[in-house]
Amino acid sequence: MKLWGGRFNTDPDKLAAKFTASISFDNRLAKYDCIGSIAHVKMLGKQKIIPAKDAVKIIAALKKILAKIETEKFKVDFSCEDIHTNIEKEVIKLAGEAGKKMHTARSRNDQIALDEKLYLKTEIIEVISKLQKVIISLDKWSALHKGLIIPGFTHMQHAQPVKFEEYIGAYTEMLGRDIWRLTDAYKRANIMPLGACALAGTSFPIDRKFVAKQLGFSIPTKNTIDSVSDRDHVIEFISDCAIIAMHLSRVSEEMVLWSTKEFAYVEISDAFTTGSSIMPQKKNPDIFEILRGRTGRAFGGLVGMLTVMKGLPLAYNSDMQEDKLHLFNVVDSVKESLSILELLFNNIKLKTGNIKKAMLNDYSDAVEVANYLVKKGMNFKDAHTATGKLVLYSEQKNKDFCDLSLSEFKIFSKLFGKDIYEALKVK
Ligand code: ARG
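Residues numbered from 1 in each chain as written. Predicted model: local features only at pLDDT ≥ 70, side-chain atom pairs only at ≥ 80, totals over all residues. Heavy atoms only, no water.

## Focus on the overall build of the protein chain
- The helix and strand tally for the protein chain stands at 18 helices and six strands.
- For the protein chain, whose C-alpha radius of gyration is 31 Å, the value lies well above the compact-globule estimate of 22 Å for 427 residues.
- With the C-alpha coordinates of the protein chain rotated into their principal frame, the extents come out at 100 × 55 × 35 Å.
- Within the protein chain, the fraction of its 427 residues that count as buried is 47%.
- Here the analysis covers contacts within the protein chain between residues at least 6 apart in sequence; of these, 76% occur between residues at least 24 apart. (Helix = DSSP H or I, 4+ residues; strand = E, 2+ residues; numbered from the N terminus. Rg over C-alpha atoms; globule rule 2.2 N^0.38 Å. Buried < 20%, exposed > 50% of the residue type's maximum accessible area, 1.4 Å probe, protein only. Contact = heavy atoms within 4.5 Å.)

## Let's talk about the side chain of Q321
- Inspection of the secondary structure assignment puts Q321 in the loop between α12 (295-309) and α13 (323-345).
- For Q321, a relative accessible area of 17% corresponds to the buried category.
- The residues contacting Q321, other than those within four sequence positions of it, are T20, A21, S22, F25 and Y316.

## Describing a nonpolar patch on the surface
- Taken together, the side chains of L199, I225 and L314 define a hydrophobic patch exposed on the protein surface, amounting to about 270 Å² of accessible area.
- Exposure remark for L314: the relative accessible area of 65% places this residue in the exposed category. (Patch = residues over 30% accessible without salt bridge, like charges linked within 9 Å, V, L, I, M, F, W, Y side chains within 5 Å. Areas by Shrake-Rupley, 256 points an atom, 1.4 Å probe, with all protein chains shown as cover. Salt bridge = Lys/Arg side-chain N within 4 Å of Asp/Glu carboxyl O.)

## Regarding the site of the ligand
- Lining the immediate surroundings of the ligand are S22, D82, R108, N109, I112, Y316, Q321 and K324.
- Between S22 and the ligand, the recorded distance is 3.2 Å, taken from a side-chain N or O atom to a nitrogen atom.
- With the chains in place, 85% of the 340 Å² that the ligand exposes on its own is no longer accessible.
- The biggest single contributor to the shell around the ligand is helix α6 (residues 108-143), with three residues.
- Among the residues making up the shell around the ligand, the classes are represented as two nonpolar, three polar and three charged. (Near = heavy atom within 4 Å. Polar contact = N/O pair within 3.5 Å; in protein donor to acceptor, adjacent residues only side chain to side chain. Nonpolar A, V, L, I, M, F, W, Y, C, P; charged D, E, K, R; others polar.)

## Details of the environment of A159
- Locating A159 in the fold gives a position in strand β2 (residues 157-163).
- Between the alpha carbons of A159 and S364 there is a distance of 5.3 Å; along the sequence they are 205 residues apart.
- In this view, A159 contacts G152, F153, T154 and S364; residues no more than four positions away in its chain are not counted.

## Some remarks on the pattern of salt bridges
- In total, this model carries 26 salt bridges according to the counting rule given.
- In this structure, K146 engages E165 in a salt bridge whose closest nitrogen and oxygen atoms are separated by 3.1 Å. One end of the pair, K146, is in the loop between α6 and β1 (149-154); the other, E165, is in helix α7 (residues 164-189), with 19 residues separating them in the sequence.
- Note on K146: relative accessible area 64%, which makes it exposed.
- With a shortest N-O distance of 3.5 Å, K351 and E267 are connected by a salt bridge. One end of the pair, K351, is in the loop between β6 (348-350) and α14 (352-358); the other, E267, is in strand β5 (residues 266-268), and 84 residues separate them in sequence.

## Digging into helix α4 (residues 52-70)
- Taking 1.5 Å of rise per residue, the 19 residues of α4 would be expected to cover 27 Å, and the 27 Å separating its terminal C-alpha atoms lies within 8% of that figure.
- Buried residues of α4: D54, A55, I58, I59, A61, L62, I65, L66 and I69, and no others. Along the long axis of α4, the arc covered by the buried residues comes to 165°, so they all point the same way. Pointing more than 90 degrees away from the buried face of α4 are the exposed residues A52, K53, V56 and K64. (Expected span 1.5 Å × (residues − 1). Arc of directions from axis to C-beta.)

## Observations regarding the packing of aromatic side chains
- What the rule picks out here adds up to 14 aromatic pairs.
- Ring geometry for F263 versus Y265: centroids 5.0 Å apart, planes at 75°, classification edge-to-face.
- Taking 5.6 Å as the distance between ring centres and 10° as the angle between the ring planes, the aromatic pair formed by Y372 and F416 counts as stacked. On the criterion of sequence distance, the pair formed by Y372 in helix α15 (residues 366-375) and F416 in the loop between α17 (406-412) and α18 (420-423) is long-range, its members being 44 residues apart. An identical accessibility class is assigned to Y372 and F416; each is buried.
- Joined through ring pairs, the aromatic side chains of F153, Y167, W258, F263 and Y265 make up one cluster.
- Across from the ring centre of F217, 4.0 Å away, lies the NZ or CZ of K121, which sits over that ring. (Phe/Tyr/Trp six-rings, centres within 6.5 Å; stacked < 30°, edge-to-face > 60°. Lys NZ or Arg CZ within 6 Å of the ring centre and 35° of its normal.)

## A closer look at the nonpolar core
- Ranked by internal contacts, the top residues of the largest apolar core, which has 95 residues, are I87, W141, F237 and F288.
- Every residue in contact with I87, bar those within four places of it in the chain, is listed here: A30, D33, C34, L62, I65, I69 and F74.
- Core analysis: the second largest hydrophobic core is formed by 19 residues, V369, F401, F412 and I420 among them. (Core = buried A, V, L, I, M, F, W, Y, C linked by side-chain atoms within 4.5 Å.)

## Observations concerning the packing of α7 against helix α10 (residues 232-258)
- The geometry of α7 relative to α10 is characterised by a closest axis approach of 9 Å and an angle of 170° between their N-to-C directions. Relative to α10, the element α7 is oriented roughly antiparallel. Along the contact surface, α7 presents F164, Y167, Y171, M174, L175, D178, R181, L182, A185, R188 and A189, while α10 presents H233, E236, F237, D240, I243, I244, H247, L248, R250, V251, E254 and W258.
- Of the residues in the contact of α7 with α10, the class split is 14 nonpolar, two polar and seven charged. (Axes fitted to C-alpha atoms, helices over the stretch in contact; angles between N-to-C directions. Parallel < 35°, antiparallel > 145°, perpendicular 65-115°, else oblique.)

## Some thoughts on the packing of α10 against α12
- Packing of α10 against α12 brings their axes to within 8 Å, and their N-to-C directions diverge by 160°. By the angle between their directions, the pair α10 and α12 is classed as roughly antiparallel. Classified by chirality, the crossing of α12 by α10 is left-handed. Here α10 contributes V234, I235, I238, S239, C241, A242, A245, M246 and S249 to the contact with α12, which in turn contributes T295, A298, F299, G301, L302, M305, L306 and M309.
- Looking at side-chain class alone, the contact of α10 with α12 contains 13 nonpolar, four polar and no charged residues. (Left-handed = near helix turned anticlockwise from the far one by under 90°.)

Have a look at this one:
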């Protein structure tokens, strides 16, 4: 079934109909299509654009359909061109002739823009809440090891000792910024496009503020042409998700590394690892690897979506129908990634003994030694050189700084006193 056909002599070619139809994927928006239509029809009735009794009938039908969708009893009719057609067909079945008035003063162009924004608003909130849960699980993990010192790295070499909670805190900062970005993206998704109709608005006395308020939008859009041709909010959301995926790939890479035999800083519980079909001893950090790999979906979605929109003239163009495939794909992937990551951090153990061992003789407190000399009056350049020589000496003696005697320290500067051992306490 389709919502047009009056001016056509022949039915569409089968393959052409299949190629242009979007029902196979936009049926995901069924719920939002009903919610949007309920607000629209309420407005039509209030403005006397359609008789109040017809509005009541249509709304009753839409509510029935919505209830079915919410209880997963709604059967999508894949012979319909899109979800709008499918819902309208059901409304006409339930409300009779009145149902044919539902589509007054709107077009599918502003309808799909509305459906997508309603969907997006819900998903933004969901992704934010999943990010919060990952942050909580990371915080719980770091709270288990309060005060623990671990090696901090630059260039993947031991650099300076840092607190484990600061290390994990760096990841929660990243995820916090992701929440911040999404909160901002929400503001732009929260502007209501219905009423733009095909592109030029309508001569019916519609009340767009009323519709916006009903649906929880902040305000209606200003420009009708932009309303139906804008997908910036989809691109913005996907790019926020691409940044999230990049962040998850970084923390995942760290965990893959930390679970190697060489590092052995963490042990992932059996339930969250997999084995090898040939090597019986293997325990692989697959989930972290897949999380790292999932960036492909998010980055792919972003490039795909930017490409869909690139060079499109105003206003609505059917290219834009493809946006949903990218959007849904990214939403599914990022939500699933965040859910599994939350679980993972509740199922990973820090091997503190190995971490302590890794810090022996690593001279990661060399900056502290140089700073000590500066505080005693030496300039930083000379302090750097003297400490460098001290490192060389200690390496040859196979001793850590704290194992050196005061007279050994004094070989490199007379400024060293007993309190040097105090400065080395951090490690
Ligand atoms: N299926 C379209 C989409 O997803 C909505 C309908 C747009 N209007 C049209 N005349 N094809 O964007």
